[in-house]
Every structure is written in C-alpha cells, then in structure tokens.
2 protein chains.
Amino acid sequence: MNFPDLFDRFADRVLPANLTDAAILQLRHEAYAEDLPAGGRLHLDDDRSHFIFVGSGATKLAAFVSTEREQIVAFDFAGDIVHVPPRGRYNFALTALTPAEVLVMPADSFLRTTPESCALLKVATEETARALSASRENAITLGRRSARERLACFLLDVWARMADQRKTGEEAIVLPMSRGEIAESLGLTIETVSRQFSELRELGLIETCGRSLLRVVNPEGLSRCAGQVAAAA
Amino acid sequence: MNFPDLFDRFADRVLPANLTDAAILQLRHEAYAEDLPAGGRLHLDDDRSHFIFVGSGATKLAAFVSTEREQIVAFDFAGDIVHVPPRGRYNFALTALTPAEVLVMPADSFLRTTPESCALLKVATEETARALSASRENAITLGRRSARERLACFLLDVWARMADQRKTGEEAIVLPMSRGEIAESLGLTIETVSRQFSELRELGLIETCGRSLLRVVNPEGLSRCAGQVAAAA
DNA sequence: CGCGTCGTTGATATGATTCAAACGGTGTGG
DNA sequence: CCACACCGTTTGAATCATATCAACGACGCG
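The structure presented is a predicted model; accordingly, all values stated were derived computationally and were not measured.

Conventions we followed
Residues numbered from 1 in each chain as written. Chains lettered and ligands numbered in written order. Predicted model: local features only at pLDDT ≥ 70, side-chain atom pairs only at ≥ 80, totals over all residues. Heavy atoms only, no water. Helix = DSSP H or I, 4+ residues; strand = E, 2+ residues; numbered from the N terminus. Rg over C-alpha atoms; globule rule 2.2 N^0.38 Å. Buried < 20%, exposed > 50% of the residue type's maximum accessible area, 1.4 Å probe, protein only. Contact = heavy atoms within 4.5 Å. Areas by Shrake-Rupley, 256 points an atom, 1.4 Å probe, with all protein chains shown as cover. Lys, Arg positive; Asp, Glu negative; His and termini not counted. Charge placed at Lys NZ, Arg CZ, Asp CG, Glu CD. Buried area = accessible area lost by both parts, 1.4 Å probe. Salt bridge = Lys/Arg side-chain N within 4 Å of Asp/Glu carboxyl O. Polar contact = N/O pair within 3.5 Å; in protein donor to acceptor, adjacent residues only side chain to side chain. Domains from an automatic or database assignment. Pairing = 2+ DSSP bridges. Axes fitted to C-alpha atoms, helices over the stretch in contact; angles between N-to-C directions. Parallel < 35°, antiparallel > 145°, perpendicular 65-115°, else oblique. Left-handed = near helix turned anticlockwise from the far one by under 90°. Nonpolar A, V, L, I, M, F, W, Y, C, P; charged D, E, K, R; others polar. 1 Å grid on protein atoms, 1.4 Å probe; cavity = no way out; pocket = protein on both sides within 12 Å on 5 of 7 lines; lining within 4 Å. Points joined across faces, edges and corners; volume = space filled by probe spheres on them. Near = heavy atom within 4 Å. Disulfide = S-S within 2.5 Å. Least-squares fit on C-alpha atoms with pLDDT ≥ 70 in both.

Asker: Help me understand the overall build of chain A in this model?
Answerer: Counting its secondary structure elements, chain A contains 8 helices and 11 strands. For chain A, the C-alpha radius of gyration of 19 Å lies close to 17 Å, the compact-globule estimate for 233 residues. Referenced to the eigenvectors of the C-alpha coordinate spread, the extents of chain A come out at roughly 55 × 45 × 45 Å. When each of the 233 residues of chain A is scored for burial, the buried share is 52%. Taking the intrachain contacts of chain A between residues at least 6 apart in sequence as the baseline, contacts between residues at least 24 apart amount to 70%. Accessible surface, chain A: about 10,000 Å² in total, of which carbon and sulfur atoms supply 49%. Of note, chain A has its 26 positive side-chain charges centred 7 Å away from the centre of its 32 negative side-chain charges.

Below, the structure is given as structure tokens:
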C-alpha cells in the first residue's frame, strides 16, 4: 500500500467528515508512511510524541524497563491508532509483529491551534483518552488478577479485536504474537503463559493449533474465567 | 476556598496565557466547585468523562473491579488534574483522602470545536497525554516489579510530588493515604506493604513516625531499590 | 477508659518463577 | 530425501515470593 492509499484509509476511519481540506492537507503534509518487516522497529524522534496509524499488520508498543527486559504496553492491529509518548522515564518503541504498514504523524501536527485544525485536535484528544482507558484497564488487570484471569482477559480482548479476521463467527484467528510477548504484556513468564494455555485447552474453553492458531470455543466460560464482574455502583 | 478563587487557581496553573476571555468564560460557566470531606466520593454523570482539578487536599481515583474490591488507578494532590473516564468496562470514582476542594469540568467543555476554544482543546489533549504516561508507568510497575520495588517506586513518586509540602528539603511529609490504599494501588496486600515499610526502615532508607509521617532519608538508595535503570536505546 | 479501626508481626499455604529437560516444527546441508 | 541443528513451546520438579490466616499492638474517638 502506498502513502496515498494508507492516508486515505486513515482519513476514512478516523477523521471526522467536517474537517476542512486545509486541515487535512496540513496533516497529510506532515505524515509519512513506513513499511516495517516482521520484527522491525519504528524509529522516531524521541523528543516528540507521535500518533501511529496501523494500516495493516500488527504491532506492539513496548517500554524498555531494563536492558533486555521489556514490558509490552499495548498491542495494536490494522485500523488501530497508537499513541507513542516521547522519551521519559522509560523509552518506548513500536515494533512490528507481522509485516506492517504504518502512518507516522507527529502529535504536534494535531496540536496546531489554528481554527481550521480544531477538529483535528478533538480527534487527538479522543484517541488519547481511548488509549488512557485501555492503559488503565491494563493496569487493573496486572494489579489484581491471577495468571489464569490475565490470560483469559487477554484472549477475550484479542478475540474481540480481531473479529474482522474471521468471516463467520467460528473461525480461528492467527495470534501474531509469541508466547513470550504475551508473557511480557501480562507481567508473567513464558512458562506460566504456556501452562495457562494448556489448562484453558483442557477445560475446553479454547482450541489451539500449532503456536498461533486460536479458537475460543466457549467465550462465556472464558469470560467467567477472566473474572469479569459487572461494576458495582 | 470559594468557586472564584478555585477557578482562578486552576486558570493560573493550567490554562495558557493566550486564551481568549470568551473561552475562559465558557469554561467557567460549565465548571463547578465541590467540597469533599475526607472519604467523600464525588458523584458525576457516568456517561461523560470529566477533568477534575484538585485545588486542595488529596484524592484517589479507583476502579471497582468487583464488589468491595477496588483498584486505585491514580493518586492526585493539590494542583493536579485528574481525568475521570465515563462508565465503561469498569466504573471509576474519585474519592477524597483528606478534605478536598475540587473543580469539576465535563470534558465536553474542552471539546468545543469553536475557534476560540482551540487552546482549551490543546490543554485537554496535553493533560490526557500526561495521564496516559502516568498510567503506563503504573502498568509497567505493576507488571514487572517485586513488592519492594513497587513500594520504593511509590514512595519516591509521592516524595517528589509532595515536595512543596516540605519547605526545607529535609522535612517529613504526611502520607494522606492508608496502608490499605497503598496496597490497592500497588496490587499488593496490606500485610505485604506493611512488611516492606518495615524492611525499608530497617535498611535506613526511610523513617516513619506513626502511620502517616514519612521521611526519605536516602533517596539514592531508595531509587536503587526501585530498580530504576536508565532506559536502553 | 473501653472500643474499634488500622497497622504490625508471625506461621503457613498457594501460586508463580526458576531451572532443567524434552518436544515440535522449520530450515539447512549432506 | 533424510539427518541435523535451531528456535519457540511445552512439561516437570524445586524454590521463592506474596497471599492468607491469625494474633497482637497502637492510636484515635466516644
């Protein structure tokens, strides 16, 4: 996919209709496309935050907490927008899990306070708020849940977000991330993740084939496993 | 503190100078002040997100993960801004730890796409981005660190953020939250938190007096304890 | 002064990590 | 085409950290 197509897809999916051509052109001017091979890392100006639109493929956003020790903060798939913060206490990097096409936009591009780009600013706020909610949910999962619950949560989330990959509701999805990457995002070890996969399989809640094919057989049961309780008032 | 003073303090601290009077007045019109007693919960319209400016006192933002089981997502002190999301997968509530004066502003107030309020929108985006970074750091701490490291991290954070409470660099600060609340924010039990307090005290890194007076004797040592490693490239 | 809540400390249990070995695919060279 | 090595995954056994259960102590309040 070339830049124009990628940008159009982004505009279709994310930008509101009421945006002026001037604002769109300005954004388009500052955006650029990048093709990442599987495992490829996106290099950004560390001093600015960026919005990254994932046009195709799958990515992870990871923080380097110490040398060769990273914590994955978010997985993002085709159609998602990632907010990559500037270098701070931790350094973040966006890495492709599968070959991916991404659209890179410095956050500044949205932050012009010209009247025309007001709608753009609104988009930025909303996307950031969405990322904030996701991050807080993630923090809750990491803080309060057992390994079983974390994996169940994770699988339900991925299953829902990759829904468009399976035409009928029943097909399997291809997990783009390794066991190790799942472990790094859930704050567990690879062995624990593997064991939980096996146990969920034995419970008849999921089916797996090879390392990456997954089918959720019993979403309700898995949801129960995840400890999904309705919020109390 | 009455509403005008509270709003002025908010405007001084957060709003940029280049804001038009019209935008400020619009925001002022939709904002309202609330006095919370210690333990008091702020009741908000669940369907909208809000920005809360903490004028004085200390607050916690907690998610109800199950009945009588909550996870604290953020602590905020005088001068801070909290983003409270709408009801979603979890329900959030802002609760005062000490008597607190807060300024409540529906996020919508910032999201007008009128040209005058562009600067306001920018403030909203920046505050949300700040909250996102804090939340991600929190997630990293919860995912990758031992009890000792989590508490050390937490104490350093609070020590830095309440710096203005101690005139000279050496004084003690008053922790506004209980051991139980610290535990709920770190994803630990109250007993573990208590034990870690004792051990940090025995190591000579901190001093405590009663339940809430804290002095960090050796910030460097505590920082080493927190496993603060410079980010790898 | 007595009571209740919060905090501390100790003993034990549980669950995740660690260390270690075996398994299964995939790619390479003989 | 098969043997082999490599990498990611799975499984098992032992260890360690935190949770849990329980008792006690300290402080604030009526």
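On we go.
Asker: Could you clarify how one ought to interpret the environment of Thr128(A) in this entry?
Answerer: Inspection of the secondary structure assignment puts Thr128(A) in helix 4 (residues 118-144). When the C-alpha atoms of Thr128(A) and Arg112(A) are compared, they prove to be 16 Å apart, with 16 residues separating the residues in sequence. In this view, Thr128(A) contacts Phe51(A), His83(A), Thr125(B), Thr128(B), Ala129(B) and Leu132(B); residues no more than four positions away in its chain are not counted.

Asker: Explain the interface of chain B and chain A to me, please; I cannot follow it from the model alone.
Answerer: Where interface size is quoted, it is often the accessible area lost as the parts come together. With 53 residues of chain B in contact, the opposing surface of chain A contributes 53 residues. Both sides together, the interface formed by chain B and chain A hides about 4,900 Å², and carbon and sulfur atoms give 60% of it. Counting the surface chain B buries against chain A, the share from its top three residues, Arg89(B), Arg136(B) and Arg144(B), is 17%. Here Glu137(B) ties to Arg89(A) by a salt bridge, and the two come within 2.8 Å at their closest N and O atoms. Where chain B meets chain A, there are 9 residue pairs in polar contact (both at pLDDT 80 or more). Elements that contribute at least two residues to the side of chain B that touches chain A include exactly strand 4 (58-66), strand 5 (69-77), strand 7 (91-96), helix 4 (118-144) and helix 6 (179-186) of chain B. Sorting elements by how many residues they give to the side of chain B that touches chain A places helix 4 of chain B first, with 21 residues.

Asker: Can you help me understand the domain arrangement of chain A in this one?
Answerer: Residues and elements named next belong to chain A. Along its sequence, chain A is organised into domain 1 (3-141) and domain 2 (146-225). Contact residues are listed per partner, giving 12 residues for domain 1 and 12 residues for domain 2. When residues of domain 1 are sorted by the area they lose upon contact with domain 2, Phe75, Phe77 and Thr141 head the list and together hold 49% of the total. Taken together, domain 1 and domain 2 are joined by 3 salt bridges. Across the pair Arg161 and Asp76 runs a salt bridge whose closest N-O atoms are separated by 3.6 Å.

Asker: Teacher, can you tell me more about the sheet that holds strand 6 (residues 81-84) of chain B here?
Answerer: Sheets are built from strands that pair by backbone hydrogen bonding, the pairs being arranged parallel or antiparallel. All names here are of chain B. Spatially, 4 strands are ordered 1-8-3-6 in an open sheet, and the strand pairing comes out antiparallel. The open sheet is flanked by strand 1 (32-36) and strand 6, the only strands paired with a single partner. Averaged over all pairs of adjacent strands, the angle between strand axes in this sheet comes to 30°, irrespective of strand direction. Bridging between strand 3 (residues 50-56) and strand 6 involves 4 bridges; their strand directions are antiparallel. Following the sheet pairing, His50 is matched in strand 6 by Val84.

Asker: What is the right way to read the packing of helix 1 (residues 3-14) of chain B against helix 2 (residues 21-30) of chain B from this model?
Answerer: To characterise two packed helices, one gives the angle between the axes of the helices and the distance between these axes. Residues and elements named next belong to chain B. One way to put it is that helix 1 packs onto helix 2 with a least axis distance of 12 Å and a crossing angle of 130°. As judged from the angle between their axes, helix 1 and helix 2 are oblique. Seen along the crossing, helix 1 lies across helix 2 with a hand that is right-handed. Residues Phe3, Pro4, Phe7, Asp8 and Phe10 of helix 1 pack against Ile24, Leu27 and Arg28 of helix 2. Taken together, the residues that form the contact of helix 1 with helix 2 break down as 6 nonpolar, no polar and 2 charged.

Asker: Looking at this structure, I do not really get the layout of surface pockets. What am I missing?
Answerer: All names here are of chain A. Approximately 1,200 Å³ is the volume found for the largest pocket. Those elements that place two or more of their residues in the lining of the largest pocket are helix 1 (3-14), strand 5 (69-77), strand 6 (81-84), helix 4, helix 5 (147-161) and helix 6 (179-186). Among the elements that make up the lining of the largest pocket, the one with the highest residue count is helix 4 (11 residues). Looking at the lining of the largest pocket residue by residue, the class counts come to 22 nonpolar, 11 polar and 13 charged. Looking at the lining of the largest pocket, you find at least three residues from each of domain 1 (3-141) and domain 2 (146-225). Its boundaries defined by the atoms lining it, the second largest pocket holds a volume of some 820 Å³.

Asker: Looking at this structure, I do not really get the protein's contact with DNA strand D. What am I missing?
Answerer: DNA strand D sits among 17 residues. The nearest are Arg179(A), Ser198(A), Ala147(B), Thr192(B) and Arg195(B). The share of sugar and phosphate among atoms of DNA strand D within 4 Å of the protein is 69%. With respect to DNA strand D, the side chain of Ser194(A) contributes an N or O atom lying 2.9 Å from a phosphate oxygen. A distance of 2.4 Å is found between a phosphate oxygen of DNA strand D and a side-chain nitrogen or oxygen belonging to Thr192(B). Secondary structure elements with two or more residues in the surface near DNA strand D: helix 6 and helix 7 (190-202) of chain A together with helix 7 (190-202) of chain B. In terms of residue count, the dominant contributor to the surface near DNA strand D is helix 7 of chain A (5 residues).

Asker: Help me out: how do you make sense of the state of the cysteines in this one?
Answerer: In protein structure, a disulfide is the covalent linkage between the sulfur atoms of two cysteines. Within this structure, the stated rule accounts for 1 disulfide over all chains. Each sulfur of the disulfide joining Cys118(A) and Cys118(B) lies 2.4 Å from the other. Highlighted residues: Cys118(A) in helix 4 and Cys118(B) in helix 4, drawn from two different chains. The closest cysteine sulfur to the non-disulfide-bonded Cys225(A) is located on Cys153(A), 10 Å from its own sulfur.

Asker: Please clarify how the relation of the copies chain B and chain A should be interpreted in this entry.
Answerer: The second copy of the chain is related to the first by a rotation about an axis and a shift along the axis. Expressed as a screw operation, the relation of chain B to chain A combines 0.0 Å of axial shift with a rotation of 180°, fitting to an RMSD of 0.0 Å. Put plainly, the chains are arranged around a two-fold axis.

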